[in-house]
Amino acid sequence: MRALRSPAPLTGLLLVAAVLTLALLGPALWGESAARIDDGAILQGHSPAHPLGTDDLGRDLLARILVATRLSLLLACLATVVGVAIGLPLGVLPAVLPPRGARAAAGTINALVAFPGLLLAMFTAVVSGLGARGAVLGMGIATAPVLARLTQTLAASVANADYVSAARVLGVSRLRIAVRHVLPNIAEPLLLNITLLFGGSLLGLAGLSFLGLGVQPPDYDWGRLLFDGLSRVYVDPEAALGPAVAIGLAAVGFNLLGEGLAKAASRRAVVPRGAATGEALREARSEGVLSVRGLSVAFPGGAVPVRDVHLDVAPGEIVGVVGESGSGKSLTALAIGGLVPYPGEVTGGINLCGQDLSALSPGELRRLRGTSLAMVFQDPMTTLNPALRVGGQLAEVSTTHQKMPRKEALARAVDRLRRVRIARPEERARQHPHTFSGGMRQRAIIAMGLMGTPKLIIADEPTTALDVTVQRDILLLLREAAKEAAVILISHDIAVVSQLCDRVVVMYAGRVVEELTVAELRRARHPYTRALIAATPDLTTDRDKPLATIPGQPPSPFDDPDGCAFAPRCAAATSACRTTRPLLEDGIACLHPQSSD
Amino acid sequence: MPASAIERLTVRYGTHVAVDDVSLAIPERSIVGLVGESGSGKSTLAKALVGLVPHTGTVTGADRVQMVFQDPYASLDPRMTVGASVAEGLKLPRAARAAEVARLLTLVNLDPALAGSYPRQLSGGQRQRVALARALGARPSLLVADEITSALDVSVQGAVLNLIRSLRRELGLSVLFISHNLAVVRYVADVIAVMREGRLVEVGPAEQITSRPHAPYTRALLDAVPQVGRTATARR
Ligand SMILES: Nc1ncnc2c1ncn2[C@@H]1O[C@H](COP(=O)(O)OP(=O)(O)OP(=O)(O)O)[C@@H](O)[C@H]1O
Ligand code: SF4
Ligand SMILES: [Mg+2]
């Protein structure tokens, strides 16, 4: 719950806590003074005895506002329950019904959403009789369409997930799919949004009471108090101001909290680097594009997924980083980009474009990374915002980092899209990401990286989701870019890497185990590199033999064995390997380098 | 006699024809590889076979088709245990389920004790094997494998490919194996079908397709296959 430490959600939390406390204790503490009729103090303005004045029976208004907290919250709560009870099932229907029924349900939701909510609420309230019950029903019915739409959208995103398709192929019933697969997986965002709806209900109910459609005397909620106070607003503004402020604060509290929680659920934290150790820093060279010394990434609890990584990249060079899943490739890249997720801690020296990163202020860091470093991630759909046009998103890079006027930035975006060979770039720039195919999205992201003048492009698995032809296109694009910028290409496929790179860095269990040129790959000396190559089928692999595999699994980032981390899986391991850790010397970290004959 | 035959299968999305009049036989106990560029309609064809998208044309001899998906991280419900996922498709009395789940997990070389764990506790390769076990539980006559090794490490990919071949041997399974990686398809498949823009451009024995292709498009695909130590296209 780190998000709660930033000011807005924290304010929300405090407000909500205060309001809830009031609802609990209010009637007990001030119930008496709120009900005490005083003929001698009718319709007074503020005074030391009555800070917000009194009403037409001489009752203290401040006490009444405090006491009304409970009823106001209770009604909002009931209205939300009604809204959920109607909206949730309605929203799930399109995912559950067979196609024709689903279309009908979706149509109903569309129609309901289009209908003005307040009108719906007022109509229901009037029809079902004046009073709290009518208001709650009305408000509930008015929020139901919004919730139904939300549920529908969320459910649709899950309904297309592979595990739902798999269940359908297995013949699992639609209802069961909704209950077992869809609802549990959308529960979290739904709850967050219900918090927001609650704030809305609170406001709406106050509105209804204020129109005289809600709570009737002798009961009172904030809306009722506001209604009563407004008739004398020119005489004693505080009588109306008090309930208005209460409503406002409570609604704002729930909204801030809901939004803060929603953000926390979706956030990818950016964390400042930990202090670099002095020695490692001095070693980091400043002439190349990138020089990394003794880089480690640790997570609380003892996981150290990246251990003491050294990496140098010369201008215009293309370096491949390969290794199994979990070997620390992505975290190494994230550490260079300053994007290691909280609560990861980064240590070691990083020198980017001749600048020692530990010596820069946060602002300078952001600027340096924003202009000289471009990162292309594995999943293009998460990098591009689905709600914004592609051209605008590209342009934003230049308007924020290079302070370019928007028009010029848009023109540059079109130019960059053209450079990555997207046909009809002017038209494409105006479209949303989902209209792009996987390969095009990937290219759009490379184009985004080219908006500045990056000295280094880090591409993390940019091609795994793509077929060979698109894959080759993307790789050629990166290579073209490398005439100006250096590239680090991260992949688990050693064949892909060898197709494009000058040099290959092989990682295992968070460490670099071998470093060699592409030409040397066939003569690799490290047993792990050799095993990786042997396990990669090519067009000459013998089809009558089982494929070579690497038995066992890599160690977890929590374990740091004394000896070589690869020893349990290594065919060449000796007892020395289990006790002595091989150091990276002369491009290899192995006690028994293999030779190629 | 072919175990399954696809005849004149067509899938339309609005006005776009994603799969265009495809006919393909999948002989019993054989693995047919399907390759082609992205957007060529491979996955759409697979989905049509298992009834996930509406289509015209006929599919015969494939009354029990099951499918395994590309992304092992997305194809298992994160909130269900491995055992519950595998048991989902079993048409068995409750009491017999645990034993069947254990049998299926053993079949795909997983420790049956994993039945109680959640997908997040498994590696990609293990998850993909769970997905395979789940599909095998429905005793399919045809298994559609859509890019099942693309998201896996080579060290694990080998184990999954070996598993597919041994399942074919032991269970007499027919497989439609879809992949963009020609080297992988060449290794597992007996027959390779090449697809482009919704149509089949070439079908033939795996060795022949990869050594003496007829269609220029197949040749282009072969040229794009990345290989260790070979820089495919003109370097600087
Ligand atoms: N936020 C995190 N908290 C704790 N551990 C993490 C976190 N992110 C990654 N790790 C762990 O760090 C290790 C290395 O992760 P990383 O993403 O760098 O691997 P990778 O080499 O890129 O693998 P892949 O090929 O699967 O992308 C893994 O064991 C992973 O579980
Ligand atoms: S040090 Fe020993 S265990 Fe490690 S890779 Fe070399 S031979 Fe194998
Ligand atoms: Mg990664």
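Everything in this summary refers to the structure shown in the same document. Quick caveat, the model's predicted, so the values are computed rather than measured.

Moving on, we come to the overall build of chain A. When you go through chain A residue by residue, the secondary structure sums to 21 helices and 10 strands. Here chain A holds 597 residues, and the buried ones make up 51% of them. Taking as baseline every contact in chain A between residues at least 6 positions apart, the subset at least 24 positions apart corresponds to 66%. Here chain A has roughly 26800 Å² of accessible surface; of this, 61% comes from carbon and sulfur atoms.

So, on to the sheet that holds strand β3 (residues 318-322) of chain A. Across a sheet, strands are paired by hydrogen bonds formed along the backbone, either parallel or antiparallel in direction. All names here are of chain A. If you trace the 6 strands from one edge of the open sheet to the other, you get β6-β7-β8-β3-β9-β10, paired in mixed fashion. Each of the sheet's edge strands pairs with one partner strand only, and the pair in question is β6 (373-376) and β10 (511-517). With direction set aside, neighbouring strand axes in the sheet form an average angle of 15°. Sitting on the sheet, helix α12 (residues 362-372) touches β6 and β7 (456-460), and the angle it makes with β6 is about 65°.

With that out of the way, let us pick up the site of ligand 1. All names here are of chain A. Surrounding ligand 1, one finds 13 residues, the nearest of these being Ser-325, Gly-326, Lys-329, Ser-330 and Leu-331. Ser-327 is positioned such that a nitrogen or oxygen atom in its backbone is 3.1 Å from an oxygen atom of ligand 1. Here an oxygen atom of ligand 1 sits 2.6 Å away from a polar atom, N or O, in the side chain of Ser-330. When ligand 1 is considered free in solution it has 650 Å² of accessible area, and contact with the protein chains removes 65% of it. With 3 residues, the top contributor of residues to the shell around ligand 1 is helix α11 (residues 329-337). Looking at side-chain class alone, the shell around ligand 1 contains 5 nonpolar, 5 polar and 3 charged residues.

Moving on, we come to empty space enclosed by the protein. All names here are of chain A. Inspection of the entire model under this criterion finds 7 cavities of 30 Å³ or more. Taken as a whole, the second largest cavity encloses approximately 90 Å³ of empty space. Around the second largest cavity sit 14 residues that line it, and Cys-564, Cys-570, Cys-577, Cys-590 and Leu-591 are the ones nearest its centre. Its residues placed into classes, the lining of the second largest cavity shows 12 nonpolar, 2 polar and no charged.

All names here are of chain A. The biggest cluster of nonpolar side chains holds 61 residues, and the ones touching the most others in it are Leu-394, Leu-417, Ile-457, Leu-489, Val-504, Val-506 and Tyr-528. Here this core takes 6 residues from helix α17 (residues 438-449), the largest share from any one element. Look past the residues within four positions of Ile-457 in its chain and what remains in contact with it is Ala-374, Val-376, Leu-450, Leu-478, Ala-481, Ala-485, Ala-486, Val-487 and Ile-488.

Spanning 36 residues, helix α2 (residues 61-96) of chain A covers 51 Å between terminal C-alpha atoms, matching the ideal 52 Å at 1.5 Å per step. N-capping of α2 of chain A is provided by Asp-60 of chain A, with a side-chain oxygen placed 3.0 Å from the backbone N of Ala-63 of chain A.

Turning next to the interface of chain A and chain B. Residue-level contacts link 63 residues of chain A with 64 residues of chain B. Of all residues in chain A, Leu-170, Leu-539 and Arg-543 of chain A give up the largest surface area on contact with chain B, accounting jointly for 17% of the area buried on that side. Inspection of the chain A/chain B interface yields 14 residue pairs in polar contact (both at pLDDT 80 or more). Only α6 (162-169), α7 (174-210), α18 (468-481), α19 (494-500) and α20 (527-535) of chain A provide two or more residues apiece to the side of chain A that touches chain B. Of the residues assigned to the side of chain A that touches chain B, the class counts are 29 nonpolar, 17 polar and 17 charged.

With that settled, the discussion passes to the site of ligand 2. Within the structure, ligand 2 sits among 13 residues, and Cys-564, Cys-570, Cys-577, Cys-590 and Leu-591 of chain A are positioned closest to it. Residue composition of the shell around ligand 2, grouped by class: 11 nonpolar, 2 polar and no charged.

The next thing to look at is the packing of α2 of chain A against helix α3 (residues 99-114) of chain A. Residue and element names in this part refer to chain A. Their axes nearest at 7 Å, the elements α2 and α3 cross at an angle of 145°. Helix-helix and strand crossings are classified by hand; for α2 and α3 the assignment is left-handed. In this structure, α2 contributes Leu-90, Gly-91, Leu-93 and Pro-94 to the contact, and α3 contributes Ala-102, Ala-105, Ala-106, Ile-109 and Leu-112. Considering only residue class, the contact of α2 with α3 consists of 8 nonpolar, 1 polar and no charged.

Looking now at the pattern of salt bridges. Counted according to the given criterion, the structure contains 19 salt bridges over all chains. The salt bridge involving Asp-538 of chain A is made with Arg-522 of chain A; its shortest N-O contact spans 3.7 Å. Residue Asp-538 of chain A is located in the loop between α20 and α21 (575-579), and its partner Arg-522 of chain A is located in the loop between β10 and α20; the two are separated by 16 residues in the primary sequence. Here Asp-20 of chain B ties to Arg-199 of chain B by a salt bridge, and the two come within 2.8 Å at their closest N and O atoms.

So, on to the side chain of Ser-398 of chain A. Residues and elements named next belong to chain A. Relative to the elements of secondary structure, Ser-398 occurs in helix α14 (residues 390-401). For Ser-398, a relative accessible area of 0% corresponds to the buried category. Excluding residues within four positions of it along the chain, Ser-398 makes contact with Lys-403, Met-404, Ala-409, Arg-412 and Met-451.

For the rest of this paragraph, the subject is a nonpolar patch on the surface. Residue and element names in this part refer to chain A. A grouping of Leu-10, Leu-13 and Leu-14 is seen on the molecular surface, where their side chains present a nonpolar patch of about 250 Å² in accessible area. On the secondary structure map, Leu-14 appears in helix α1 (residues 7-35). Residue classification places Leu-14 among the exposed positions, given a relative accessible area of 56%.

Residues and elements named next belong to chain A. Across the 5 residues of β3, 5 count as buried, placing the element largely inside the fold. Because side chains alternate across β3, one face comprises the buried residues Ile-318, Gly-320 and Val-322, and the other comprises Val-319 and Val-321, equally buried. Relative to strand β8 (residues 486-491), β3 is paired through 5 bridges, and the arrangement is parallel. What sits directly across from Val-321, in β8, is Ile-490. When β3 meets strand β9 (residues 503-508), the two strands line up parallel, connected through 4 bridges.

This brings us to the sheet that holds strand β2 (residues 303-313) of chain A. Residues and elements named next belong to chain A. Here 4 strands make up an open sheet; going across it, the order is β2-β1-β4-β5 and the pairing antiparallel. A single partner strand is all that each edge strand has here, and the edge strands are β2 and β5 (355-356). As defined by bridge partners, strand β4 (residues 345-352) adjoins β5 across 2 bridges and the pair is classed as antiparallel. The residue of β5 that forms the bridge with Asn-351 is Asp-356.

Definitions and cut-offs
- Residues numbered from 1 in each chain as written.
- Chains lettered and ligands numbered in written order.
- Predicted model: local features only at pLDDT ≥ 70, side-chain atom pairs only at ≥ 80, totals over all residues.
- Heavy atoms only, no water.
- Helix = DSSP H or I, 4+ residues; strand = E, 2+ residues; numbered from the N terminus.
- Buried < 20%, exposed > 50% of the residue type's maximum accessible area, 1.4 Å probe, protein only.
- Contact = heavy atoms within 4.5 Å.
- Areas by Shrake-Rupley, 256 points an atom, 1.4 Å probe, with all protein chains shown as cover.
- Pairing = 2+ DSSP bridges.
- Axes fitted to C-alpha atoms, helices over the stretch in contact; angles between N-to-C directions.
- Near = heavy atom within 4 Å.
- Polar contact = N/O pair within 3.5 Å; in protein donor to acceptor, adjacent residues only side chain to side chain.
- Nonpolar A, V, L, I, M, F, W, Y, C, P; charged D, E, K, R; others polar.
- 1 Å grid on protein atoms, 1.4 Å probe; cavity = no way out; pocket = protein on both sides within 12 Å on 5 of 7 lines; lining within 4 Å.
- Points joined across faces, edges and corners; volume = space filled by probe spheres on them.
- Core = buried A, V, L, I, M, F, W, Y, C linked by side-chain atoms within 4.5 Å.
- Expected span 1.5 Å × (residues − 1).
- Buried area = accessible area lost by both parts, 1.4 Å probe.
- Left-handed = near helix turned anticlockwise from the far one by under 90°.
- Salt bridge = Lys/Arg side-chain N within 4 Å of Asp/Glu carboxyl O.
- Patch = residues over 30% accessible without salt bridge, like charges linked within 9 Å, V, L, I, M, F, W, Y side chains within 5 Å.

Structural measurements only, silent on function.
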